Structures are given as C-alpha cells and as structure tokens.
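Tertiary structure, described
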Amino acid sequence: MQNISVIGAGTMGNGIAHVFAQNGFTVKLIDVSQEQLEKALQTISKNLDRQISKGTLTEEAKKTALNNLASSTSIAEGVKDAELVVEAATENVDLKLNIFKQLDELAPANCILASNTSSISITKIAAATKRPEQIIGMHFMNPVPLMKLVEIITGYSTKQEVTNTIVELSKTLGKVPCVVIDYPGFVANRILMPMINEAIYSLYEGVAGVTEIDTVMKLGMAHPMGPLQLADFIGLDVCLSILNVLYEGFGNQKYAPCPLLVNMVTAGFKGIKSGEGFYHYSAGSKELVVSKRFS
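Residues numbered from 1 in each chain as written. Predicted model: local features only at pLDDT ≥ 70, side-chain atom pairs only at ≥ 80, totals over all residues. Heavy atoms only, no water.

**Section: the environment of Tyr255**
Inspection of the secondary structure assignment puts Tyr255 in the loop between helix H11 (236-250) and helix H12 (259-266). C-alpha of Tyr255 to C-alpha of Ile242: the two residues are 13 residues apart in sequence and 9.6 Å apart in space. Every residue in contact with Tyr255, bar those within four places of it in the chain, is listed here: Arg190, Pro194, Asn197, Leu243, Leu246, Tyr247 and Phe250. (Helix = DSSP H or I, 4+ residues; strand = E, 2+ residues; numbered from the N terminus. Contact = heavy atoms within 4.5 Å.)

As structure tokens, this is what we get:
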C-alpha cells in the first residue's frame with residue numbers, strides 16, 4: 001500500500017496526512033476549501049520544523065515529507081488512485097454518510113475506506129456503501145504526530161484481512177494499534193467522555209471550581225491535563241456531540257450531557273477554537289486563565 005487519500009484538512013486531517021507523508025506514503029489531502037488546504041499545508045510545514053528543532057527530524061526528511069504531499073478540492077480527483085482513504089471530516093453523521101456514499105462510487109474497488117470518527121458507528125457508515133466489508137474505523141488521537149494510539153474499530157461486516165492490514169499499517173506509522181468492536185463511543189470516548197461530563201457536573205453543582213477540579217485530576221490521578229482543560233482542547237461542541245451519541249446509542253441516563261455543557265455550546269463557547277470555554281485563551285499566550293464566568 002502506497003497511495004493514501006485523507007478527506008478533511010482540519011486539525012485531525014492535516015495531522016493524519018503529516019504522519020503518512022513523513023513515513024514515505026504518497027498522500028492526497030482533500031478539502032472543499034482551497035484556503036483550508038493551504039492553511040493545513042502551512043501547519044504541517046510548521047510542525048515538521050518543530051520536529052527539526054527538537055532533533056527528531058532532518059531538513060532532508062522534511063523536504064521528502066512535503067514532496068509526498070499534494071492537495072485537491074475534488075474528491076473524484078483526490079481518490080482515483082487511492083488504496084486507502086481516511087475520512088477526517090467534522091463529527092457529523094449526515095456529513096460522513098454523504099462522504100462515504102461518494103467514496104463508494106469514486107474510489108477504486110479494492111480501496112479500503114476508513115473513518116477517523118471518534119464515536120459514530122462504523123457499521124452505520126458501512127451500511128451506506130456497497131462495500132461494508134472494506135469499511136473500518138481508524139481513530140487517531142490529537143495531536144496526531146505525537147500521540148501513539150490508533151483505535152481501530154471493526155464494523156459488523158469488516159473483513160479480518162482488512163483489520164489486519166490496518167493494524168500493520170498503523171505500526172508502520174510508528175503507532176500502537178488497539179482493535180475494538182463497534183459500539184457507541186468505542187473504548188476511548190466511552191470512558192473519557194463520562195469523566196469529562198462528571199467534571200462539568202461537579203462545576204455545575206458547585207462542588208468545586210475549574211482550577212480545583214483540574215488540579216485534583218492532574219495531581220491526584222497523574223493526568224497530564226485536567227478534564228475541563230481537556231474538554232476545551234477537544235472542543236466543547238465535539239464533547240457534546242459524542243455524549244449525545246453515547247446517550248442515544250445506549251439509552252442510559254448516565255451519558256446525558258450536563259446542562260452547563262449544552263448551554264455553553266449553544267452560546268458559542270466551545271473552548272480553544274472559540275477563544276473561551278472553561279478557560280479564556282489569548283492569542284500568543286500560554287497562560288491558563290479561568291473564564292470570568294467561573295472565577
């Protein structure tokens with residue numbers, strides 16, 4: 001396998017394209033927005049420079065990685081030679097189903113179609129295609145170039161040989177693959193999101209403040225980042241979307257999103273991406289400042 005196409009040039013898409021290109025694969029990064037593609041390529045270049053500054057990459061390796069990358073605003077053009085497509089579009093079920101219907105028509109017959117979804121059913125995505133046995137989840141962690149885990153999700157019809165191929169491919173990228181079965185939230189978010197939701201409930205109910213909640217989890221549980229800061233980093237809208245998938249998928253009240261989270265997302269406070277969530281984020285500042293709403 002040599003030719004990889006990545007759908008979506010956002011944070012996850014550019015990270016996935018980065019690691020494939022750095023590891024010698026020919027990569028086509030696809031997005032409807034030319035501006036987003038240009039921004040993504042700039043981000044990849046800056047991240048490669050960061051690796052050079054840390055001594056983990058050479059200038060020559062950077063040039064090779066960038067030469068392995070091309071971009072396109074056309075799905076048809078971008079996937080025509082693909083052996084693997086990794087979809088990394090927004091976490092929206094209707095959008096993903098539409099993309100996979102197009103990929104099923106446009107990608108070569110032997111091409112494996114993978115989704116980077118963090119919670120949406122791989123079986124549901126596969127059912128929108130005529131090749132359900134070739135559909136699989138390939139859930140990378142953010143930031144992709146640094147995080148080792150790839151959560152590989154097998155749908156109801158995914159063939160074992162497809163799973164084996166993606167496991168070996170993940171190892172080639174220097175990642176650690178973990179195979180899980182397709183149920184709501186898989187493993188990573190089925191465990192993580194209820195923890196984040198409980199942290200938000202603790203704030204909502206006045207048990208403790210933002211700093212105290214995050215400090216307890218960092219110093220008491222050895223988490224590198226507190227759950228409220230992590231929620232800001234992931235995106236509060238993404239957290240809400242995943243919790244809704246869990247709640248609807250299991251029908252269990254324990255997954256119901258905290259009303260505070262719902263209100264924050266509705267009001268446009270989505271964390272780092274909007275400049276404010278549980279913390280306030282200033283351009284160029286690394287200082288962690290609790291939002292005035294919670295201080």
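**So, a positive patch on the surface**
On the surface, a cluster of positive charge is contributed by Lys46, Arg50, Lys54 and Lys286. Topologically, Lys54 is positioned in the loop between helix H2 (34-53) and helix H3 (59-67). (Patch = residues over 30% accessible without salt bridge, like charges linked within 9 Å, V, L, I, M, F, W, Y side chains within 5 Å. Areas by Shrake-Rupley, 256 points an atom, 1.4 Å probe, with all protein chains shown as cover. Salt bridge = Lys/Arg side-chain N within 4 Å of Asp/Glu carboxyl O. Lys, Arg positive; Asp, Glu negative; His and termini not counted. Charge placed at Lys NZ, Arg CZ, Asp CG, Glu CD.)

**Describing the layout of surface pockets**
As a volume, the second largest pocket reaches approximately 360 Å³. Residue lining of the second largest pocket: Met225, Gln229, Phe233, Ile272, Tyr281, Ser282, Ala283, Gly284, Ser285, Lys286, Glu287 and Leu288, and that is the complete set. For the lining of the second largest pocket, the per-class residue count stands at 6 nonpolar, 4 polar and 2 charged. (1 Å grid on protein atoms, 1.4 Å probe; cavity = no way out; pocket = protein on both sides within 12 Å on 5 of 7 lines; lining within 4 Å. Points joined across faces, edges and corners; volume = space filled by probe spheres on them. Nonpolar A, V, L, I, M, F, W, Y, C, P; charged D, E, K, R; others polar.)

**Remarks on the UniProt feature "domain: 3-hydroxyacyl-CoA dehydrogenase C-terminal" (unreviewed entry) in the chain**
Mapped onto this numbering, the UniProt entry annotates "domain: 3-hydroxyacyl-CoA dehydrogenase C-terminal" (unreviewed entry) at residues 185-281. End C-alpha atoms of residues 185-281 are separated by 28 Å, and the span's content is 62% helix alongside 2% strand. (UniProt positions renumbered as here; feature names shortened; annotations may be inferred.)

**What about the environment of Met225?**
For Met225, the position within the fold is in the loop between helix H9 (210-221) and helix H10 (227-234). Between the C-alpha atom of Met225 and that of Ile44, which follows or precedes it by 181 residues, the distance is 24 Å. Look past the residues within four positions of Met225 in its chain and what remains in contact with it is Lys218, Leu230 and Phe233.

**Some details on the UniProt feature "binding site: NAD(+)" (unreviewed entry) in the chain**
Here, the residues flagged by UniProt with the feature "binding site: NAD(+)" (unreviewed entry) are Gly8, Ala9, Gly10, Thr11, Met12, Gly13, Asp31, Glu91, Lys96, Ser118, Asn142 and Lys273. Mapping Asp31 onto the fold places it in the loop between strand E2 (26-30) and H2. Under the relative-accessibility criterion, Asp31 is labelled buried at 15%. Not counting residues up to four positions away in its chain, the partners in contact with Asp31 are Gly8, Ala9, Gln36, Leu37, Ser72 and Thr73. In terms of polar contacts, Asp31 uses its side chain to reach the backbone amide nitrogen of Ser33, at 2.9 Å. Inspection of the secondary structure assignment puts Lys96 in helix H5 (residues 93-106). Contact partners of Lys96, with chain neighbours within four places excluded, come to Glu87, Ala89, Thr90, Glu91, Ser115, Thr117, Ile120 and Ile125. (Buried < 20%, exposed > 50% of the residue type's maximum accessible area, 1.4 Å probe, protein only. Polar contact = N/O pair within 3.5 Å; in protein donor to acceptor, adjacent residues only side chain to side chain.)

**Some words on the domain arrangement of the chain**
Each domain of the chain was delimited in the assignment, giving domain 1 (3-181) and domain 2 (187-290). With centres defined by C-alpha atoms, the gap from domain 1 to domain 2 works out at 26 Å. Listed by partner, the interface residues are 9 residues for domain 1 and 7 residues for domain 2. Each partner contributes to the roughly 620 Å² buried at the junction of domain 1 and domain 2, and carbon and sulfur atoms together form 58% of this total. (Domains from an automatic or database assignment. Buried area = accessible area lost by both parts, 1.4 Å probe.)

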